[in-house]
Amino acid sequence: MTRLGLTCPLYITQNDGTLTTAAEAARLPIRTFSSGATNSMRGASYLAGIDLKKKDGTGKSMLVADVGGTTTDVGMLLPSGFPRQAAAFIEVGGVRTNFAMPDVNSIGLGGGSRVRVEGAKVTVGPDSVGHYLTRHAKVFGGGILTATDIAVRAGERGIGDSTLVSQVEDEVVGKVQVAMKKLLESVVDRMKTTPEDCTLLLVGGGSVIAPATLKGVGEIMFSMRTVTTQMGSAAALCPPPINVGDARDYGVPGTQSQAWRIGRAIASYRQKNDLRRVPHEILKLQNGKLMFIGKVVDVSREVRAGFTWGEVKIARLQDDELEDASGQTTDFGCDADDHVVIPFQNENLCAYFEKPDGTRTVAAVVPDLIVVLDSQSGSHLGTQTYSYGLRVTVIVMAGSPLWQTEQGLKMGGAEAFGSVP
């Protein structure tokens, strides 16, 4: 910036599409490392002249597929112009993180994906020549058959020397195109939130390998990745800070300190190998009750309207599963054959005691916090990690009194979620 004579502030795009100062990005670079896909999605929409939001404030979402040399990253661009955020934690290098991250699904398909022909069998990727495409791909004089070679052989112009792939048989080209189409249709289907055909915006240098039509896609639009990424950076948003009055009147004070204290308590009892004490120590710090201890016996979930919906059913541990019978004591009176059923919409909405005849009694409901802990580690379980056989502990913690006000209940109570199941 000094060399260019620029004296303006420098902002960096964060993973969620908002901006941060260069100094803050240097202090917490993990908040910016995945901003490439976000920039690409926002820039593609901007350059394509797509207005996702109508004048009346309504709008529709759009899928964006960024096809690079090695992978295809697919995300959902909301009417706000920002990518849909992941519902819960994101794993980065096998480590669970709780940063605001776009909900992106990646597959091993790109312009440099290697194509293998073994008799009648044809495979595409997931390994790739990556950025060495112009060295190793056949159309550039290399010796490796890639997805880009297939696109050129099928008629794509302006890439390398098409005569170098003229010997590739039509049958191989057809099989590769079918394989790539199935991969793209599969990832698009996983990211869609409704069964209706969607609009797909293709960006990236590898987008030449994409077919003209895809099942479940009504319209495919194209743009250029390099330009869209740069444009996404320019089109990012820097929201104004909350003023002191709003933070004092409407914010819940002490949440970060409280989270730290709870985390310290959990870590302390992990070191002591006394995980049974974890829920009790949490409830010493936060007003609440120990509701149930058992194991997951059934889970149902589905993705619709941009949310993960479902419910988890928890049964009491049998006598031969108990390590210590005293560990079954809870603050709620219930019969031995009762189950706990927790419906969720990304987060837990309520908790019922269910009798064998199917009758249910409400035990807790939002805005109070219904927390499911892994009994064997003390860790909080997100709804996407519920699975059969997990031993769990359910606790209920009281929310801030602000959530009990008329406006608080309207925004975060049962009414905010329509009809709680």
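**Q** In this structure, what is going on with the overall build of the chain? I would like to understand it.
**A** Helix and strand counts for the chain stand at ten helices and 19 strands. Looking at the 421 residues of the chain, the share that counts as buried comes to 40%. For the chain, the share of sequence-separated contacts (at least 6 apart) that also reach a separation of at least 24 residues comes to 56%. Accessible surface computed for the chain: about 22900 Å², of which carbon and sulfur atoms make up 53%.

**Q** When you look at helix H8 (residues 255–271) in this model, what are you seeing that I'm missing?
**A** Residues that lie three or four places apart on an α-helix share one face, since the helix turns once every 3.6 residues. Along its 17 residues, H8 runs 24 Å from first to last C-alpha, staying within 8% of the 24 Å computed at 1.5 Å per residue. Along H8, the residues classified as buried are Gln258, Ile262, Ala265, Ile266 and Tyr269. Buried residues along H8 cover an arc of 95 degrees about the axis, so they all sit on one side. Looking at H8, the residues exposed on the side facing more than 90 degrees away from the buried face are Gln256, Trp260 and Gln271. Taken together, the buried residues of H8 touch helix H9 (278–285). Positive phi shows up at Asn273, right after H8, with a value of about 55 degrees.

**Q** Help me understand the packing of H8 against H9 in this model?
**A** Geometrically, a packed helix pair is captured by the angle between its two axes and the distance between the axes. The geometry of H8 relative to H9 is characterised by a closest axis approach of 9 Å and an angle of 155 degrees between their N-to-C directions. Judged on the interaxial angle alone, H9 and H8 are roughly antiparallel. Relative to H9, H8 is oriented so that their crossing is right-handed. Contact with H8, carried on its side by Gln258, Arg261, Ile262, Ala265, Ile266 and Tyr269, involves Val278, Glu281, Ile282 and Leu285 of H9 and no other residues of that element.

**Q** Would you explain a nonpolar patch on the surface in this entry?
**A** Taken together, the side chains of Met1, Leu4, Leu6 and Leu10 define a hydrophobic patch exposed on the protein surface, amounting to about 390 Å² of accessible area. Overall, the relative accessible area of 43% leaves Leu10 in the partly exposed class.

**Q** Is there a simple way to think about the pattern of salt bridges in this case?
**A** Once the charged atoms of two side chains with opposite charge are near each other, the side chains can pair. Tallying each qualifying case throughout the model produces eleven salt bridges. With a closest N to O distance of 3.5 Å, Arg360 and Glu311 form a salt bridge. Of the two residues, Arg360 sits in strand E17 (residues 360–365) while Glu311 sits in strand E13 (residues 307–316), which places them 49 residues apart along the sequence. Residue Arg360 is classed as partly exposed on the basis of its relative accessible area of 35%. With a closest N to O distance of 2.9 Å, Glu354 and Arg360 form a salt bridge. Each of the salt bridges in this network shares a partner with another, and the network as a whole consists of Glu311, Lys313, Glu354 and Arg360.

**Q** Help me understand empty space enclosed by the protein in this model?
**A** In this approach a probe as big as a water molecule rolls over the atoms, and the regions it shows empty are the leftover space. For the structure shown, the criterion picks out one cavity of 30 Å³ or more. Taken as a whole, the largest cavity holds about 40 Å³ of empty space. Lining the largest cavity are Ala37, Met41, Val64, Ala65, Asp66, Asp73, Val74, Gly75 and Val104. Listed by contribution, the elements that provide at least two residues to the lining of the largest cavity are helix H2 (35–47), strand E3 (62–67) and strand E4 (72–77). Here the lining of the largest cavity is composed, by residue class, of six nonpolar, one polar and two charged.

**Q** Would you take a moment to explain helix H5 (residues 170–191) for this structure?
**A** For H5, spanning 22 residues, the distance from its first C-alpha to its last is 32 Å, which sits close to the expected 32 Å at 1.5 Å a residue. Along H5, the residues that are buried comprise Val172, Val173, Val176, Met180, Leu184, Glu185, Val187, Val188 and Met191.

**Q** Please explain the confidence of the model for the chain as it appears in this structure.
**A** Low pLDDT means the predicted atomic positions in that stretch should not be read closely. In the predicted model, the chain carries a mean pLDDT of 80, and 84% of its residues have values of at least 70. Between residues 225–229, whose pLDDT stays under 50, and residues either more than four places distant or in other chains, the model counts 17 contacts.

**Q** Would you take a moment to explain the sheet that holds E3 for this structure?
**A** Hydrogen bonding along the main chain pairs the strands of a sheet, whether they run parallel or antiparallel. Taken together, the five strands give an open sheet; going across it, the order is E7-E4-E3-E10-E11, and neighbouring strands pair in mixed fashion. At either end of the open sheet lies a strand with only one pairing partner, and these are strand E7 (104–107) and strand E11 (217–222). Strand-to-strand twist in this sheet, taken as the mean axis angle between neighbours without regard to direction, amounts to 25 degrees. The sheet contact formed by strand E10 (residues 198–203) and E11 spans five bridges and is parallel. Residue Thr199 lies in a different strand from E11, and its bridge partner there is Glu219. Set on the sheet, H5 makes contact with E3, E4, E7, E10 and E11; between it and E7 the angle comes to about 165 degrees.

So, how was this worked out
Residues numbered from 1 in each chain as written. Predicted model: local features only at pLDDT ≥ 70, side-chain atom pairs only at ≥ 80, totals over all residues. Heavy atoms only, no water. Helix = DSSP H or I, 4+ residues; strand = E, 2+ residues; numbered from the N terminus. Buried < 20%, exposed > 50% of the residue type's maximum accessible area, 1.4 Å probe, protein only. Contact = heavy atoms within 4.5 Å. Areas by Shrake-Rupley, 256 points an atom, 1.4 Å probe, with all protein chains shown as cover. Expected span 1.5 Å × (residues − 1). Arc of directions from axis to C-beta. Axes fitted to C-alpha atoms, helices over the stretch in contact; angles between N-to-C directions. Parallel < 35°, antiparallel > 145°, perpendicular 65-115°, else oblique. Left-handed = near helix turned anticlockwise from the far one by under 90°. Patch = residues over 30% accessible without salt bridge, like charges linked within 9 Å, V, L, I, M, F, W, Y side chains within 5 Å. Salt bridge = Lys/Arg side-chain N within 4 Å of Asp/Glu carboxyl O. 1 Å grid on protein atoms, 1.4 Å probe; cavity = no way out; pocket = protein on both sides within 12 Å on 5 of 7 lines; lining within 4 Å. Points joined across faces, edges and corners; volume = space filled by probe spheres on them. Nonpolar A, V, L, I, M, F, W, Y, C, P; charged D, E, K, R; others polar. pLDDT = per-residue confidence, 0-100. Pairing = 2+ DSSP bridges.

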